[in-house]
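# Commentary on secondary and tertiary structure
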Amino acid sequence: MSPSETATIVAKSFFSKDKSALKKHTTSEGYASFIALLDMIPDSKKEIEVEILDEAVDGKATWVKYSTSYDGKPGIFKLVQEDGQWKVTHNGPSDKGPFS
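What counts and what doesn't
Residues numbered from 1 in each chain as written. Predicted model: local features only at pLDDT ≥ 70, side-chain atom pairs only at ≥ 80, totals over all residues. Heavy atoms only, no water. Phe/Tyr/Trp six-rings, centres within 6.5 Å; stacked < 30°, edge-to-face > 60°. Helix = DSSP H or I, 4+ residues; strand = E, 2+ residues; numbered from the N terminus. Pairing = 2+ DSSP bridges. Axes fitted to C-alpha atoms, helices over the stretch in contact; angles between N-to-C directions. Contact = heavy atoms within 4.5 Å. Buried < 20%, exposed > 50% of the residue type's maximum accessible area, 1.4 Å probe, protein only.

## A few points about the packing of aromatic side chains
- Going through the model one piece at a time under the given rule, you end up with 5 aromatic pairs.
- On the numbers, 5.1 Å between centres and 75° between planes, the contact of F14 with F15 is edge-to-face.
- Between F15 and Y70, the aromatic rings sit 4.4 Å apart at their centres with planes inclined by 25°, giving stacked as the arrangement. Of this pair, F15 sits in helix 1 (residues 3-15) while Y70 is found in the loop between strand 2 (61-68) and strand 3 (75-82), placing the two residues 55 residues apart along the sequence.

## Digging into unusual backbone geometry
- Of note in this structure, K17 is not a glycine but carries a positive phi near 60°.
- Relative to the helices and strands, K17 is located in the loop between helix 1 and helix 2 (19-24).
- Phi at D83 takes a positive value of approximately 55°, unusual for a residue other than glycine.
- When you line up the elements, D83 lands in the loop between strand 3 and strand 4 (85-89).

## A word on the sheet that holds strand 2
- With antiparallel pairing, 4 strands are arranged side by side in an open sheet as 1-2-3-4. On the outer flanks of this sheet lie strand 1 (50-58) and strand 4, each paired with one strand and no other. Recorded for the sheet is a direction-independent mean angle of 35° between the axes of neighbouring strands.
- With 8 bridges joining them, strand 1 and strand 2 adopt antiparallel strand pairing. What sits directly across from A56, in strand 2, is W63.
- Packed on one face of the sheet, helix 1 meets strand 1, strand 2, strand 3 and strand 4 and runs near 130° to strand 1.

## Digging into the pairing of strand 2
- Most of strand 2 sits inside the fold, with 7 of its 8 residues counted as buried.
- Where strand 1 folds back on strand 2, the antiparallel hairpin that results is connected by 2 residues, among which G59 adopts a positive phi of roughly 70°.
- The sheet contact formed by strand 2 and strand 3 spans 5 bridges and is antiparallel. By the bridge assignment, V64 is partnered in strand 3 with F77.
- Taking the residues that link successive antiparallel strands as the turn, the strand 2-strand 3 hairpin has 6 residues, and the phi of G72 there is positive, at about 75°.

Take a look at the structure:
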């Protein structure tokens, strides 16, 4: 899967609270940060639409900027290769990426 396809799955699974899909498509650090935030978002029964706004490669990482129908506010995922698959990882405060 491409970084954009992975980012779409992660965004949809986060807002629909699908922990098994989240775990499959994130690094252990990424999964831990998502789980910490999961209880803060309200449940949603509506279908989550994801729009990929931009994608950029920066060294070994790929950054994907997206927006969702859940909140409409653009977000940014940092993806790295792990076991031959693109996975969303934790981006810390110093990880600004190419879209800053």
